[in-house]
Amino acid sequence: MKVAKDLVAASATPMVLGILAEGESYGYAILKRINELSGGELTWTEGLLYPLLHRLERLGHVESTWQSVTGERRRKYYRVTEQGLAELAEQRRQWDTVVDALKELWLGATVRPQEGLA
């Protein structure tokens, strides 16, 4: 199944902020975590992730630092800020509203045809 671009775009910010709320991380690890969380259904590219991270950084939702690990190349690590946690909470409230409305609609849609047959 391929997830529509609109859904990917709409869910990108809360997904990244949620991952960073688990702890600081770097790009490749974030991509891997998204793939893991979605059971392989979401395979984001660097072209999607890095512009989003840069936008979140400009907005003050994330901060970054370069870190070096012996024997490995430098990586840019991102961490969520207090402002980012507040944004994540707001995004969660909004998504809860959307998900609840969809569940209500879909559950209602499965019940109505049966009622019409009785």
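In every chain, residue numbers begin from 1 and rise along the written sequence. With pLDDT at 70 or above as the cut-off, local features in this predicted model cover only qualifying residues; side-chain atom pairs require 80 or more to be listed or tallied, and sums for whole chains, interfaces and linings still use all residues. Side-chain measures here rest on the full set of heavy atoms in the structure, leaving out hydrogens and waters.

Looking at an unreviewed UniProt entry, one finds the protein named PadR family transcriptional regulator and attributed to Dactylosporangium cerinum.

**Remarks on the overall build of the protein**
The numbering of helices and of strands both runs from the N terminus, where a helix is a DSSP run of H or I of at least 4 residues and a strand a run of E of at least 2. Scanning the protein for helices and strands turns up four helices and three strands. Reading the protein from its N terminus to its C terminus gives the helix and strand order α-β-α-α-β-β-α. Atoms considered for the radius of gyration are the C-alpha atoms alone. The globule rule reads 2.2 Å times the number of residues to the power 0.38. Relative to the globule expectation of 13 Å for 118 residues, the C-alpha radius of gyration of the protein, 18 Å, shows a markedly less compact shape. Each of the three principal axes of the protein carries a C-alpha extent, and together these read 70 × 30 × 20 Å. Note on exposure labels: buried denotes an accessible area under 20% of the residue type's maximum, exposed denotes more than 50%, and partly exposed covers the range between, all computed with a 1.4 Å probe on protein chains only. Split into buried and exposed, the 118 residues of the protein put 27% on the buried side. Counting contacts in the protein only where the partners sit at least 6 residues apart, residues at least 24 apart contribute 49% of the total. Accessible areas in this description were obtained via Shrake-Rupley with a 1.4 Å probe; residue shielding takes into account the shown protein chains only. Counting only carbon and sulfur atoms, one obtains 55% of the accessible surface of the protein, whose full area is about 8200 Å². Positive charge is attributed to Lys and Arg, negative charge to Asp and Glu, and no charge count is given to His or to the chain ends. Think of each charge as sitting on NZ of Lys, CZ of Arg, CG of Asp or CD of Glu. Across the protein, 15 positive and 16 negative side-chain charges occur, with their mean positions spaced 6 Å apart. In this description, contact between two residues means that some pair of their heavy atoms is separated by no more than 4.5 Å.

**Examining the packing of aromatic side chains**
Two aromatic rings, drawn from Phe, Tyr or Trp (for Trp, its six-membered ring), form a pair once their centres lie within 6.5 Å of each other, and the interplanar angle then sorts them: stacked below 30 degrees, edge-to-face above 60, tilted otherwise. Overall, the coordinates contain one aromatic pair when judged by the stated rule. The residue whose ring lies beneath arginine 75 is tyrosine 26, and the NZ or CZ to ring-centre distance is 4.2 Å. Only lysine NZ and arginine CZ atoms are considered, and such an atom sits over a ring when it is within 6 Å of the ring centre and within 35 degrees of the ring normal.

**Considering the pattern of salt bridges**
Any two side chains of opposite charge can pair, on the condition that their charged atoms come close. Put simply, a salt bridge is a Lys or Arg side-chain nitrogen that is within 4 Å of an Asp or Glu carboxyl oxygen. Within the structure shown, the criterion is met by seven salt bridges. With its nearest N and O atoms 2.9 Å apart, the salt bridge here joins glutamate 90 to arginine 93. Taken together, the positions of glutamate 90 and arginine 93, both in helix 4 (residues 82-117) and three residues apart, correspond to about one turn of that helix. By relative accessible area, which is 31% here, glutamate 90 ends up partly exposed. Here the salt bridges share partners, and the residues they tie into one network are Glu22, Arg33 and Glu36.

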